[in-house]
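The primary structure of each chain is shown beneath.
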Amino acid sequence: MGTTHQIKAVLGQQQSLQCIAPLLTTVEEAPQIISTRVQGQIPKWLNGYLLRVGPGKFEFGKDRYSHWFDGMALLHQFRVEKGVVTYMSKFLQSDTYKANSVGNRIVISEFGTLALPDPCKNIFERFMSKFEMPGKVSAMTDNTNVNYVQYKGDYYLSTETNFMNKVDVETLEKTEKVDWSKFIAVNGATAHPHYDPDGAAYNMGNTYGPRGSCYNVIRVPPEKEGPGETIHGAQVICSIVSTEKMRPSYYHSFGMTKNYIIFIEQALKMNLWKIATSKIRGKAFSEGMSWEPQCNTRFYVVDKRTGQLLPGMYYSKPFVTFHQINAFEDQGCVVIDLCCQDDGRSLAVYQLQNLRKAGEGLDQVYNSVAKSFPRRFVLPLDVSVNAPEGENLSPLSYSSASAVKQRDGKIWCSYESLHHEDLEKEGGIEFPQINYGQFSGKKYNFFYGCGFRHLVGDSLIKVDVVNKTLKVWREDGFYPSEPIFVPVPGAIEEDDGVILSVVITPNQNENNFLLVLDAKNFEELGRAEVPVRMPYGFHGTFVPI
């Protein structure tokens, strides 16, 4: 069984990282319900579906995907009811998956893989295929392999393109393909929306046009007005003009409090010209992204009620964030906690040829990846023109994060680290999750994530952001996925519940399993073993039944 402990000292990194190639290779789907073998006890009150998604097929015919993010979406479902757990998985029947399957080759380009011309076409046809217009099947992938999101009570698989796929959580069947651009003027949206208590959803989406690029705050109403509705009624409530017209920032998530949206424009840039001409130039989309550390990071704050962009100009030194942890309001400030890296070149590292190395080669890849750590920024909202220059404007005595007004009116923000050196020995943390239902947008104490002493998560960590202490679960040779918090019915305390994580191993003699931890003490309650190979995935959610 796994070990749990309050970290005081952690052994250094193993002499050589274990090869994780089996975690990043094609597997078979398991469309028929499979019974699991339960060890320990699965709480009887825990009833619902743990849904996960990630890449599960990395080749068609002789064609191979180049990047981890490109694999075809494989949907996983653990059904938990009265202590019994079953498992099933299915490949998402996206148009991309179908087209690739029919052609027995990669027909549609992905983030890090350029689809090559059909070898059966003549030279002229292959040349002209480089100039295919948007709207054709090959123009944009609908391989939505990043996350499950919810709009108006329905669940969708999402990535960062303009397409989502609605799915039936019970059968894992795709029921509808939805195009954001048919409802509002955006070119895609993130796979990490936020939700108000009434069910209204907020997201961020880009617009690219003759005037340059904008970052758009989107609101989707909480309820359907008629049968067959999807994201009808979605609105762009605020557009933020990119600092550089043709080089907007890449973003994966954003922050939200009760009253505000917080968007972060960072130094990881997307060159729109390079992306638009990628097929003509024979390059993947990913070649159009670059880390520009000469650019500072900027925070934008938008009033959710009015759609107005607040006038404060908040800046910090360059960093990259993929996942926000939580944000809240206190004493006239917005507090936002993020998982941050100081180097934005990590996306290129996740080429499959790198991840499938062994021995010293794998060690070198790992050592080249910037580690992610939790940081807190404080943004004072009402900064008068007479506010003193050179002084910390944050009134929060419990945070060492500062916000200092400069002579030009900009507010320079310096972060507070939400950890001690113990987390550095864990390789940093990513895939953060909180008790979202009760503490999203509120002052909180705990978050949960994966430790990264490997290129994929190799531990589960509970972080106390007040005392900056850790609890860790780890089992050698096993790799846990993003932790999902599920509260006990009627829970009062923030961490009164369980953590669910799908744990996988490259060892063919061991089974993968669904792990259930007590969220308070991080002790294992039980596990449900599955005799099925699974690849390492991205995100998921728990749907009560």
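These numbers come from a predicted model, not from an experiment.

**Concerning the overall build of the chain**
Logical step 1: Secondary structure assignment for the chain yields 9 helices and 38 strands.
Logical step 2: The C-alpha radius of gyration of the chain comes to 23 Å, within 12% of the 24 Å expected for a compact globule of 545 residues.
Logical step 3: Summarising its shape, the C-alpha atoms of the chain cover approximately 70 × 60 × 55 Å along the three principal directions.
Logical step 4: Among the 545 residues that make up the chain, the fraction classed as buried is 59%.

**Here we look at empty space enclosed by the protein**
Logical step 1: Scanning the entire structure with this criterion turns up 2 cavities of 30 Å³ or more.
Logical step 2: Reported here for the largest cavity is a volume of approximately 80 Å³.
Logical step 3: Of all elements in the fold, only strand S7 (72-81) and strand S35 (497-504) reach the threshold of two or more residues within the lining of the largest cavity.
Logical step 4: Around the second largest cavity, the lining residues are Tyr251, His252, Ser253, Ile264, Gln266 and Thr321.
Logical step 5: For the lining of the second largest cavity, the residue count by class is 2 nonpolar, 4 polar and no charged.

**Brief notes about the environment of Phe163**
Logical step 1: Along the chain, Phe163 falls in strand S11 (residues 163-167).
Logical step 2: For the pair formed by Phe163 and Met140, sequence separation is 23 residues and the distance between their alpha carbons is 8.7 Å.
Logical step 3: If near-sequence neighbours (up to four positions away) are discounted, Phe163 is found in contact with Met140, Thr141, Asp142, Thr144, Lys177, Val178 and Asp179.

**Here's the deal with the sheet that holds strand S9 (residues 147-151)**
Logical step 1: Spatially, 4 strands are ordered S9-S10-S11-S12 in an open sheet, and the strand pairing comes out antiparallel. In this open sheet, the two edge strands, each paired with only one partner strand, are S9 and strand S12 (174-179). Strand-to-strand twist across the sheet, computed as the mean angle between neighbouring axes with direction ignored, equals 35 degrees.
Logical step 2: Summarising the sheet, S9 and strand S10 (residues 154-158) pair through 5 bridges and their orientation is antiparallel. By the bridge assignment for S10, Tyr148 is matched with Leu157.

**Description of the pairing of strand S21 (residues 297-303)**
Logical step 1: Among the 7 residues that make up S21, 7 are buried, leaving the element largely enclosed by the rest of the structure.
Logical step 2: Covered by surrounding structure in S21 are Thr297, Phe299, Val301 and Asp303 together with Arg298, Tyr300 and Val302, the residues of both alternating faces.
Logical step 3: When S21 meets strand S22 (residues 314-316), the two strands line up antiparallel, connected through 3 bridges. Counterpart to Phe299 in the pairing with S22 is Tyr314.

**Details of the environment of Ser253**
Logical step 1: With respect to the helices, strands and loops of the structure, Ser253 is situated in the loop between strand S16 (235-241) and strand S17 (255-256).
Logical step 2: Between the alpha carbons of Ser253 and Gly54 there is a distance of 17 Å; along the sequence they are 199 residues apart.
Logical step 3: Once residues lying within four places of it in the same chain are set aside, the contact partners of Ser253 are His192, Phe322, His323 and Gln324.
Logical step 4: Reaching out from Ser253, the side chain makes a polar contact with the backbone oxygen of Phe322 at a distance of 2.9 Å.

**Considerations on the sheet that holds strand S13 (residues 194-195)**
Logical step 1: An order of S13-S14-S15-S16 is seen for the 4 strands of this open sheet, with the pairing classed as antiparallel. Of all the strands in the sheet, just S13 and S16 have a single pairing partner and so form its edges.

**Some words on the nonpolar core**
Logical step 1: The biggest cluster of nonpolar side chains holds 56 residues, and the ones touching the most others in it are Trp68, Phe78, Leu455, Leu500, Leu514 and Tyr536.
Logical step 2: Among the elements that line this core, the one with the most residues is S35, at 6 residues.
Logical step 3: Beyond its immediate sequence surroundings of up to four residues, Phe78 is in contact with Gly48, Tyr49, Leu50, Val85, Thr86, Tyr87, Val502, Leu514, Val530 and Met534.
Logical step 4: Formed by 21 residues, the second largest nonpolar core is a distinct cluster that contains Val335, Leu423, Phe447 and Val465.

**Digging into the layout of surface pockets**
Logical step 1: When its volume is computed, the second largest pocket comes out at roughly 1400 Å³.
Logical step 2: As for the second largest pocket, its lining consists of 50 residues, of which Tyr195, Gln433, Tyr436, Gly437 and Thr541 are closest to the centre.
Logical step 3: Of the residues assigned to the lining of the second largest pocket, the class counts are 25 nonpolar, 19 polar and 6 charged.

**Quick notes on unusual backbone geometry**
Logical step 1: Here the phi dihedral of Lys82 falls at roughly 55 degrees; this positive angle occurs in a residue that is not glycine.
Logical step 2: Counting through the fold element by element, Lys82 comes out in the loop between S7 and strand S8 (84-91).
Logical step 3: On the accessibility criterion, Lys82 (59% relative accessible area) is exposed.
Logical step 4: The backbone phi angle of Phe431 is positive, close to 55 degrees, even though this residue is not glycine.
Logical step 5: If you trace the backbone, Phe431 turns up in strand S29 (residues 429-433).

**Quick word on the pattern of salt bridges**
Logical step 1: Applying the stated criterion across every chain yields a total of 29 salt bridges.
Logical step 2: Between Arg376 and Asp337 there is a salt bridge; the shortest N-O distance is 2.8 Å. Here Arg376, found in strand S25 (residues 373-380), pairs with Asp337, found in strand S24 (residues 333-341); they are 39 residues apart in sequence, far enough to count as distant.
Logical step 3: Looking at Arg376, the relative accessible area reads 5%, which means it is buried.
Logical step 4: Judged by relative accessible area, which is 0%, Asp337 ranks as buried.

**Some thoughts on the pairing of strand S32 (residues 469-474)**
Logical step 1: Here 5 bridges tie strand S31 (residues 459-464) to S32, and the two strands are oriented antiparallel to one another. Across the sheet, the residue bridging to Asp464 is Thr469, located in S32.
Logical step 2: The turn joining S31 and S32, which pair antiparallel and follow one another in sequence, is formed by 4 residues; a positive phi near 60 degrees is taken by Lys468.

About the cut-offs
- Residues numbered from 1 in each chain as written.
- Predicted model: local features only at pLDDT ≥ 70, side-chain atom pairs only at ≥ 80, totals over all residues.
- Heavy atoms only, no water.
- Helix = DSSP H or I, 4+ residues; strand = E, 2+ residues; numbered from the N terminus.
- Rg over C-alpha atoms; globule rule 2.2 N^0.38 Å.
- Buried < 20%, exposed > 50% of the residue type's maximum accessible area, 1.4 Å probe, protein only.
- 1 Å grid on protein atoms, 1.4 Å probe; cavity = no way out; pocket = protein on both sides within 12 Å on 5 of 7 lines; lining within 4 Å.
- Points joined across faces, edges and corners; volume = space filled by probe spheres on them.
- Nonpolar A, V, L, I, M, F, W, Y, C, P; charged D, E, K, R; others polar.
- Contact = heavy atoms within 4.5 Å.
- Pairing = 2+ DSSP bridges.
- Axes fitted to C-alpha atoms, helices over the stretch in contact; angles between N-to-C directions.
- Polar contact = N/O pair within 3.5 Å; in protein donor to acceptor, adjacent residues only side chain to side chain.
- Core = buried A, V, L, I, M, F, W, Y, C linked by side-chain atoms within 4.5 Å.
- Salt bridge = Lys/Arg side-chain N within 4 Å of Asp/Glu carboxyl O.

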